[in-house]
Amino acid sequence: MDLQKHPQPQGSAPHLAELRASDSDRDRVADILHEAMAEGRLTADEHAERVEGVLSAKTVGELEVFIKDLPAAQRPEPAYTGVPSRPAPGAVPAEADANVVAVLSSAVRRGRWRAGRRLHAYSIFGSIEIDLSEAIFEYQQVVIKAVSVFGDIQIRVPENVSLRGTGGGVLGNFEVDTLDSADSQAPVVYVDGWAVLGNVEARPKRGKLVSDIIQRVQDKVDRKLRKHLDR
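Residues numbered from 1 in each chain as written. Predicted model: local features only at pLDDT ≥ 70, side-chain atom pairs only at ≥ 80, totals over all residues. Heavy atoms only, no water.

Undergrad: Describe in detail the overall build of the chain, supporting the description with residues and values.
TA: Summing up its helical and strand segments, the chain has 5 helices and 10 strands in all. A total of 231 residues make up the chain; the buried ones form 39% of that total. Within the chain, counting contacts between residues at least 6 apart in sequence, those at least 24 apart form 70% of the total. Looking at the chain as shown, the accessible area adds up to about 13,100 Å², and 52% of this sits on carbon and sulfur atoms. (Helix = DSSP H or I, 4+ residues; strand = E, 2+ residues; numbered from the N terminus. Buried < 20%, exposed > 50% of the residue type's maximum accessible area, 1.4 Å probe, protein only. Contact = heavy atoms within 4.5 Å. Areas by Shrake-Rupley, 256 points an atom, 1.4 Å probe, with all protein chains shown as cover.)

Undergrad: Hey, could you go over the pattern of salt bridges for me, with residue numbers and the actual values?
TA: Considering all chains together, one arrives at 11 salt bridges under this definition. The partner of Arg114 in a salt bridge is Glu138, and the shortest N-O contact between them spans 2.8 Å. Residue Arg114 is found in the loop between strand E2 (106-109) and strand E3 (118-124), and its partner Glu138 is found in the loop between strand E4 (127-131) and strand E5 (141-149); the two are separated by 24 residues along the sequence. A salt bridge links Glu175 to Arg203, with the nearest nitrogen and oxygen atoms 3.9 Å apart. Of this pair, Glu175 sits in strand E8 (residues 173-176) while Arg203 sits in strand E10 (residues 199-204); the two residues are 28 residues apart in sequence, bridging distant segments of the chain. (Salt bridge = Lys/Arg side-chain N within 4 Å of Asp/Glu carboxyl O.)

Undergrad: So what's going on with the side chain of Ser123? Residues and values would help.
TA: Here Ser123 is to be found in strand E3. Residue contacts for Ser123: discarding those within four places in its chain leaves Ala102, Ile128, Val147, Ser148, Val149, Gly151, Asp152 and Ile153.

Undergrad: An account of the sheet that holds E4 is requested, with residue identities and associated values reported.
TA: Two orientations exist for strands paired in a sheet by backbone hydrogen bonds: parallel and antiparallel. Read across the open sheet, the 5 strands follow the order E2-E4-E6-E10-E8; overall the sheet is parallel. Edge positions in the open sheet fall to E2 and E8, since each of these has one partner strand only. The sheet shows a mean angle of 10° between the axes of neighbouring strands, taken without regard to direction. Both E4 and strand E6 (residues 152-157) contribute to a ladder of 5 bridges, which runs parallel. Bridge pairing in E6 links Ile128 to Ile153. (Pairing = 2+ DSSP bridges. Axes fitted to C-alpha atoms, helices over the stretch in contact; angles between N-to-C directions.)

Undergrad: For the confidence of the model for the chain, give the residues involved together with the corresponding values.
TA: Averaged over all residues, the pLDDT of the chain equals 83, while 79% of them reach at least 70. Below a pLDDT of 50 lies the segment residues 1-15, which in the model reaches 21 contacts outside its immediate sequence neighbourhood of four places, other chains included. (pLDDT = per-residue confidence, 0-100.)

Undergrad: Please give an account of the sheet that holds E3 that cites residues and values.
TA: An order of E1-E3-E5-E9-E7 is seen for the 5 strands of this open sheet, with the pairing classed as parallel. Of all strands in the sheet, those with a lone pairing partner are strand E1 (98-103) and strand E7 (162-170), marking the two edges. Put simply, the sheet's adjacent strands are angled 10° from each other on average, direction ignored.

Undergrad: Can you lay out the packing of helix H2 (residues 23-38) against helix H3 (residues 44-56) for me, pointing to particular residues and giving the numbers?
TA: Look at H2 against H3: their axes get within 10 Å of each other, and the N-to-C directions meet at 180°. Classed by the angle they form, the pair H2 and H3 counts as roughly antiparallel. Facing H2, whose interface residues are Arg26, Val29, Leu33, His34 and Met37, H3 presents Ala44, His47, Arg50, Val51, Val54 and Leu55. In terms of residue class, the contact of H2 with H3 is built from 7 nonpolar, 2 polar and 2 charged. (Parallel < 35°, antiparallel > 145°, perpendicular 65-115°, else oblique. Nonpolar A, V, L, I, M, F, W, Y, C, P; charged D, E, K, R; others polar.)

Undergrad: Lay out the packing of aromatic side chains with the relevant residues and their values.
TA: In this structure the tally under the stated criterion is 1 aromatic pair. For the ring pair Phe125 and Phe150, a centre distance of 4.8 Å and an interplane angle of 0° mean the geometry is stacked. A residue pair is termed long-range when its members are at least 10 positions apart, and Phe125 in the loop between E3 and E4 and Phe150 in the loop between E5 and E6 qualify at 25 residues. Between the NZ or CZ atom of Arg109 and the centre of the ring of Trp113, over which it lies, the distance is 5.2 Å. (Phe/Tyr/Trp six-rings, centres within 6.5 Å; stacked < 30°, edge-to-face > 60°. Lys NZ or Arg CZ within 6 Å of the ring centre and 35° of its normal.)

Undergrad: A description of H2 should follow, citing residues and the corresponding values.
TA: Its 16 residues place the ends of H2 22 Å apart at the C-alpha level, agreeing with the 22 Å of an ideal helix rising 1.5 Å per residue. Among the residues trailing H2, Gly40 stands out with phi positive, at a value near 85°. (Expected span 1.5 Å × (residues − 1).)

This is the structure we're talking about:
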């Protein structure tokens, strides 16, 4: 049976069904399929066939085909409350855990490092790169204060975190790509600062994901499978 050749669900709005599917969309559908197999609604072969189709699906409409006959697809998604533009007062200490400074020089923070709760970056006639794509997030909220004066600050985050920015430019560029994670418990990175005759940019690094978020999803599936097998 080729599930990909089935027509799209009639109840889906055309514009929604035609949207390109994200990794989080595929993870959500795969999670529903794992749960269905654990409950005995799908055989192992059916599960494997559908998961293979999910991985190759291009649009949201194609994904929904694989779960339209399962009860989980009929349950409404919880309302998304969104991430505030700033952390709650007192949620993140005002004192920085670490400082990155580049004066007529360059500084880089990348690889497997602990992000902490607050990082201050100052670039004066210099350049700074802060790469969180492989960082260890010990806290859900991380604040990066970025101040660039005749300098450049580049911030990269994993695709499956939330990203917010508050700041501006004075004859400069302050640009933060808003990013929303499908996981309500995912880390939130707040970029706060100014670019004075300089540049501050923050955006996701394509293809990079926080591994512990992926592991949490897999752990949830494993718990459901174990619970089913123990019955």
